[in-house]
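Take a look at the letters that make up each chain.
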Amino acid sequence: MKHRAATAVLVLAALVSLPAGAIVPGDPVRGEAIYARCQACHALGYDRTGPKHCGLFGRRAGGVPGFRYSPAMAQADVVWDANTLDRFLANPTGMIPGTAMGYAGIADRQERADLIAWLRQASASPIECPP
Amino acid sequence: MIVRINPFSALQDLGRRRFLAGTGATLSAAAVALMAGRPALAAGQGSKHDDLETDVRILNTALGAELEAIAAYAVGAGSGLLQKPVLDLAVQFQGHHKEHAAVLAKTIRKLGGTPVEAREHYQFPTDGLKTQNDVLGFAAGLERGAVSAYLGAVPLFRGRELASAAASILGDEAMHWAILRQALGQDPVPTAFMS
């Protein structure tokens, strides 16, 4: 009993000490289902209303050649990684005012982490994203 | 009986109230306000202009997706893979998307913006479309995404009448999604909430 209480305190302490904005581990399986929300505008392998997501990680915002970005996205000084994607997907128009991605965002931190975990894998998948 | 409604009827007199092309006049009014030493007033005019630009941007992104959906249904209906009565559904749903696109374009013009035009060429995952169910699954994915897209647009509109009009389209996309799932033999309404 005492032991369990101690563990609970430790777990709580660990949770509390997570800095605000820290990335929670994401589940790519859940992330794939969450990507369904993006599929009116995006695909992994080709440009649609929104740019393709293959090669997303490490790419500059507005960096897909030939895609017609808004001036706001084209000029954004951002490189996509788990941190910047987390900020963007929480509030796209808040992070990049004037972006053409007219989408309010994903408020739930865990959902964002899941989606980002899936995007990291899928956007580098040799099947979906052949070189 | 189904009564046909105009979801954008609240926008009929919008031209007079909020008009992007009219900002030449409002901007010079803002300039006058600035010169008169009333920057708060000037800022107010500027933000009205920003509101219109924001709304036009959101509407244009939605229009782009609708135009793609029209083309996608054309591919589906022309694939030879759809049998009646499913084929009739595809044509009917395509007709709805055409109506959405028309009303979005009209609203964008009314706000003084320029509607995006359909692309000459759209890319679709046609390699993966070999059966009727493949086509239905592809369409269902687009419709499901469209629900999310409109859901994500609703809170961003600066004009509340636009939010309500977008929600009206959202309802239609959700019905498409449910019917396509039904046709696929899936639970047509798998959740109580959409996200």
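Figured I'd write up the structure that's included with this text. (Residues numbered from 1 in each chain as written. Chains lettered and ligands numbered in written order. Predicted model: local features only at pLDDT ≥ 70, side-chain atom pairs only at ≥ 80, totals over all residues. Heavy atoms only, no water.)

When the parts of a complex come together, some accessible area is lost, and that lost area is often taken as the interface size. Facing 22 residues of chain B, the contacting portion of chain A comprises 16 residues. With both chains or domains summed, chain B and chain A bury close to 1,600 Å², and 58% of this area falls on carbon and sulfur atoms. Looking at the side of chain B facing chain A, the largest losses of area belong to B:Arg57, B:Thr61 and B:Leu156, adding up to 27% of the total buried there. Taking the shortest distance from any N to any O, the salt bridge between A:Arg48 and B:Glu68 comes out at 2.7 Å. The interface formed by chain B and chain A contains seven residue pairs in polar contact (both at pLDDT 80 or more). When residues of the side of chain B that touches chain A are traced back to their parent elements, those giving at least two are helix 3 (39–77) and helix 5 (132–153) of chain B. No other element matches helix 5 of chain B, which puts nine residues into the side of chain B that touches chain A. Per-class residue counts for the side of chain B that touches chain A are 10 nonpolar, eight polar and four charged. (Contact = heavy atoms within 4.5 Å. Buried area = accessible area lost by both parts, 1.4 Å probe. Salt bridge = Lys/Arg side-chain N within 4 Å of Asp/Glu carboxyl O. Polar contact = N/O pair within 3.5 Å; in protein donor to acceptor, adjacent residues only side chain to side chain. Helix = DSSP H or I, 4+ residues; strand = E, 2+ residues; numbered from the N terminus. Nonpolar A, V, L, I, M, F, W, Y, C, P; charged D, E, K, R; others polar.)

Residue and element names in this part refer to chain B. Between helix 4 (residues 86–110) and helix 6 (residues 160–183), the least distance of the axes is 11 Å, while the angle of their chain directions is 170 degrees. Relative to helix 6, helix 4 is oriented roughly antiparallel. Handedness of the helix 4/helix 6 crossing: left-handed. On helix 6, the residues that touch Leu89, Phe93, His96, His97, His100, Leu104 and Thr107 of helix 4 are Leu162, Ile169, Asp172, Glu173, His176, Ile179 and Leu180. For the contact of helix 4 with helix 6, a count of residues per class yields seven nonpolar, five polar and two charged. (Axes fitted to C-alpha atoms, helices over the stretch in contact; angles between N-to-C directions. Parallel < 35°, antiparallel > 145°, perpendicular 65-115°, else oblique. Left-handed = near helix turned anticlockwise from the far one by under 90°.)

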